[in-house]
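# Descriptive structure summary
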Amino acid sequence: MNDSQKALFDYLLWLGDSTLILGHRLSEWCGHGPILEEDIALSNIALDLIGQARLYYGYAAELEGKGRTEDDLAYLRDVMAYKNALVVEQPNVDFGVTIIRQLLFTAFNYHLQTALLESTDERLRGIADKALKETTYHLRHCSDWAIRLGDGTEESHKKVQDGLDNIWLFTDDLFVNQPGDKTLISSKVVPDLATIKTQWMDTLKQVTTEATLKLPEPSYMMKGGRTGNHTEYLGFILAEMQFMQRAYPDSKW
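I will try to describe carefully the structure that is included in this document. (Residues numbered from 1 in each chain as written. Predicted model: local features only at pLDDT ≥ 70, side-chain atom pairs only at ≥ 80, totals over all residues. Heavy atoms only, no water.)

## Focus on helix H6 (residues 154-167)
Quick note on the threshold: Secondary structure elements follow DSSP: runs of H or I of four or more residues count as helices, runs of E of two or more count as strands, with numbering from the N terminus. Given a helix with a known number of residues, its expected span is that number minus one, times 1.5 Å. Throughout this description, buried means an accessible area under 20% of the type-specific maximum (1.4 Å probe, protein chains only), exposed means over 50%, and partly exposed covers the range between. The arc refers to the directions leading from the helix axis to the C-beta atoms. Whether two residues are in contact is decided by their heavy atoms: any pair within 4.5 Å suffices.
In this model, H6 (14 residues) spans 20 Å end to end at C-alpha, consistent with the 20 Å of a helix rising 1.5 Å per residue. Turning to H6, its buried residues number three or more, namely Ser156, Val160, Gln161, Gly163, Leu164 and Ile167. One side of H6 carries all its buried residues, which in axial view fall inside an arc of 155°. Turned more than 90 degrees away from the buried face of H6, the exposed residues are Glu154, Glu155, Lys158 and Asn166. Check the buried side of H6 and you find it contacts helix H4 (95-116), helix H5 (122-150) and helix H8 (193-210).

## A closer look at the packing of aromatic side chains
What counts, and what does not: The rule is short: rings of Phe, Tyr and Trp, with Trp giving its six-membered ring, pair when the centres are within 6.5 Å, and they are stacked under 30 degrees, edge-to-face over 60, tilted in between. Here, a charge over a ring means that NZ of Lys or CZ of Arg falls within 6 Å of the ring centre while also lying within 35 degrees of the ring normal.
This model, assessed by the stated rule, comprises eight aromatic pairs. Arranged with centres 5.9 Å apart and planes meeting at 85°, the rings of Trp29 and Phe95 form a pair that is edge-to-face. With Trp29 in the loop between helix H1 (3-27) and helix H2 (36-64) and Phe95 in helix H4, this pair connects stretches of sequence that are 66 residues apart. Taking relative accessible area as the criterion, Trp29 reaches 10% and is therefore assigned buried. Seen in terms of ring centroids, Phe95 and Trp145 are 4.9 Å apart; in terms of plane orientation they differ by 90°. Their pairing is edge-to-face. Here the residue Phe95 occupies a position in helix H4, and Trp145 occupies one in helix H5, the gap between them amounting to 50 residues. The residues Phe95 and Trp145 share a single accessibility class, namely buried. Aromatic ring contacts, followed pair by pair, group Tyr11, Trp14, Phe105, Phe108, Trp168, Phe175 and Trp200 into a single cluster. Its end group placed over the ring of Trp145, Arg148 keeps NZ or CZ at 4.1 Å from the ring centre. Above the face of the Trp14 ring, Arg226 is positioned so that its terminal group lies 4.1 Å from the ring centre.

## Points about the pattern of salt bridges
Stated precisely, the cut-off is as follows: We define a salt bridge as a contact between a side-chain nitrogen of Lys or Arg and a carboxyl oxygen of Asp or Glu at a distance within 4 Å.
Considering all chains together, one arrives at 13 salt bridges under this definition. For Lys133, the salt bridge is made with Asp129, and the minimal N-O distance between the two is 3.6 Å. Residue Lys133 and its partner Asp129 are located together in helix H5, separated by four residues, close to a single helical turn. The closest approach of N and O atoms between Asp162 and Lys158, which form a salt bridge, is 2.7 Å.

This is how it looks when you write it as structure tokens:
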């Protein structure tokens, strides 16, 4: 791979890892949802995210040209090789925290995929076109729940506000451009994340205002997901998610 291809490969891993890990987190709700309809909704969103991860991984594997598959990229890398955003690996805790985590990432994902519709890379543009249909629903779903819980009972308001306060320090990690991004941005393959952050913040302000939630004040922010620096939770996720592939190498569905 040349430098531009390597930069795009890393970018695709970042997107694939982020959607895969969040999909896995949501899958943990299967059978535990607060109501049957929501149990099914969260499971379906998890499947959408894992489907998006497959598209990113598939393209990344082709770019790399070393014979690896989407399964290899998902299941046969160690924790420090993962590039996912820190916010997606945070634990579910309760339904309110899950919804807030979903809102924070999905608002980002929505605006990023919208921008990627204008990518000069045809393959990436096609992935965004397919994924955005799903992400639009995801954003509507978590926004509706954030408003319902935030502007609901005293207890539901407290839980989602606490969730927002506790997870907020991981959000800046979504917008850290890497050195290789400069080439991709200049060739209009991907957008500048600074622009995405402005759009993301506008969406959050709109939803949290209606939900009577308060966005946290600026404070210390944790970063490093794209360079392999993760919280303690990711290792436990991978231990569970990768068990079958590592215990039974080359197994197929």
